[in-house]
Every structure is written in C-alpha cells, then in structure tokens.
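Structure at a glance
Now for the letters of each chain:
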Amino acid sequence: MQIAEKSVVSIHYTLTNAEGTVLDSSNGQEPLAYLHGASNIIPGLENALVGKTVGDSLQVTVEPEEGYGPVRDELVQDVERSAFAGIDNIETGMQFMAQTPWGEQPVTVVKIEGDNITLDGNHPLAGQTLTFDVEVVEVRGATDEEMEHGHAHGAGGHDH
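Let me sum up the structure you'll find in this document. (Residues numbered from 1 in each chain as written. Predicted model: local features only at pLDDT ≥ 70, side-chain atom pairs only at ≥ 80, totals over all residues. Heavy atoms only, no water.)

**Some words on the overall build of the protein**
Quick note on the threshold: Numbering of helices and strands starts at the N terminus; helices are DSSP runs of H or I of at least 4 residues and strands are runs of E of at least 2. Summary of the burial criterion: residues with accessible area below 20% of their type's maximum are buried, those above 50% are exposed, and those between are partly exposed, where the area comes from a 1.4 Å probe applied to protein chains only. We call two residues in contact when some of their heavy atoms are within 4.5 Å. Using a 1.4 Å probe, accessible areas were evaluated by the Shrake-Rupley method; residue-level cover was limited to the displayed protein chains. The positive count covers Lys and Arg only, the negative count covers Asp and Glu only, and His and the chain ends enter neither. We put the charge of a Lys on NZ, of an Arg on CZ, of an Asp on CG and of a Glu on CD.
Within the protein, the regular secondary structure consists of 2 helices and 9 strands. Listed N to C, the secondary structure of the protein is β-β-β-α-β-β-β-β-β-β-α in terms of helices and strands. Scored against the burial criterion, the 160 residues of the protein give a buried share of 37%. Long-range contacts, defined here as pairs at least 24 residues apart, represent 62% of the contacts in the protein between residues at least 6 apart. Here the protein has roughly 9,300 Å² of accessible surface; of this, 47% comes from carbon and sulfur atoms. Distance between charge centres in the protein, computed from 6 positive and 27 negative side chains, equals 3 Å.

Given below as structure tokens:
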C-alpha cells in the first residue's frame, strides 16, 4: 500500500539540523505513527512521503517554510519580572504557557537582564532547515475512528 490521504503511516526517523546535530530520533523506540493528510507532521515531510511504501528509506531536507516556519520577530517580546508572580527563580531556557489573543501559547525565556525578561513564542525549530532520515515501517488504511479523531491510534500513535 502506498502512502496517501487517509492512511496511517509508521516511520522511524532521525532529525538533524543544518550542522548535522541530531535533534530527535525514534531509534530504539516505537516508530512514529501519524494519520497522513491530517497535518500531524510538518508539511515538507508529509509531502515527501506521498507514494512511498513499506521498506522505503529516504532523506528529506525541509526548509523553514515547509517546516516550523520562519522566525517571527513579533513573537519575541520583553516583559517585566513582575509578570511572573509566584515564580522566584527564572532562568534562560525555561518554558511557560502565555495567554495570547489566540489562546495559550508556549514561550521560552531567551534572555534575562535585571527585571526585564525576553520571551520567544516561536517554535524552537522555527527558521531552521531540517533533514529527516526516514524509513517507512508500516502503511495501512485509517479506521473511521482515526479519521474522526484526526490522528493515528495504537502503538506509536495516540491512546485514549
């Protein structure tokens, strides 16, 4: 069976950045299962997998526009330490959930200067060219329930 809309796909993958640093991998774990066509994975990878079958291996380079997007400067902002009431120790790299006009959004502390805290709401991989080394390990038709829920169920997918 070829990978297409409405199929559940299981892949092993290794993700590296432009410098070749491994950022994530499924090696030694269950393969990642996703529902193809449901935006469960980034578009550049999903598009490259169309038509592939079990046993296929490929390397996919994904530019930011087809990955986690470009870095958006408007998602970086300075806030006063007083906005973190009840949190005594704030360090670079810490993540928080911030209230935005679009709902809750994760932000990362990227700089601390006195009482000024700089937060970044961009995805940590925004602006990066990414390379995926992928092996397709299973392709099957999605169940009605998976289609209704918008994600794969079972091993490597979502359990309810």
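**Observations concerning the layout of surface pockets**
Heads up, the rule is: For each structure, a 1 Å grid was placed over the protein atoms alone; sets of points admitting a 1.4 Å probe that cannot get out are labelled cavities, open sets with protein on both sides within 12 Å along at least five of seven lines are labelled pockets, and lining residues have an atom within 4 Å of a point. Grid points are joined across faces, edges and corners, and a volume is the space filled by probe spheres set on the points. Each residue gets one of three labels, nonpolar for Ala, Val, Leu, Ile, Met, Phe, Trp, Tyr, Cys and Pro, charged for Asp, Glu, Lys and Arg, and polar for the others, Gly among them.
Taken as a whole, the largest pocket spans an internal volume of roughly 250 Å³. Contributions of two or more residues to the lining of the largest pocket are made by β5 (76-80), β6 (95-100) and β7 (103-113). Of all the elements, β6 adds the most residues to the lining of the largest pocket, at 5 residues. For the lining of the largest pocket, the class distribution of residues is 11 nonpolar, 5 polar and 1 charged. When its volume is computed, the second largest pocket comes out at roughly 190 Å³. Contributing to the lining of the second largest pocket are 13 residues, with Leu32, Ile41, Leu45, Tyr68 and Phe132 lying nearest its centre. Considering every element that reaches the lining of the second largest pocket, the biggest residue donor is strand β1 (residues 7-16), with 3 residues. Along the lines of polarity and charge, the residues of the lining of the second largest pocket split into 10 nonpolar, 2 polar and 1 charged.

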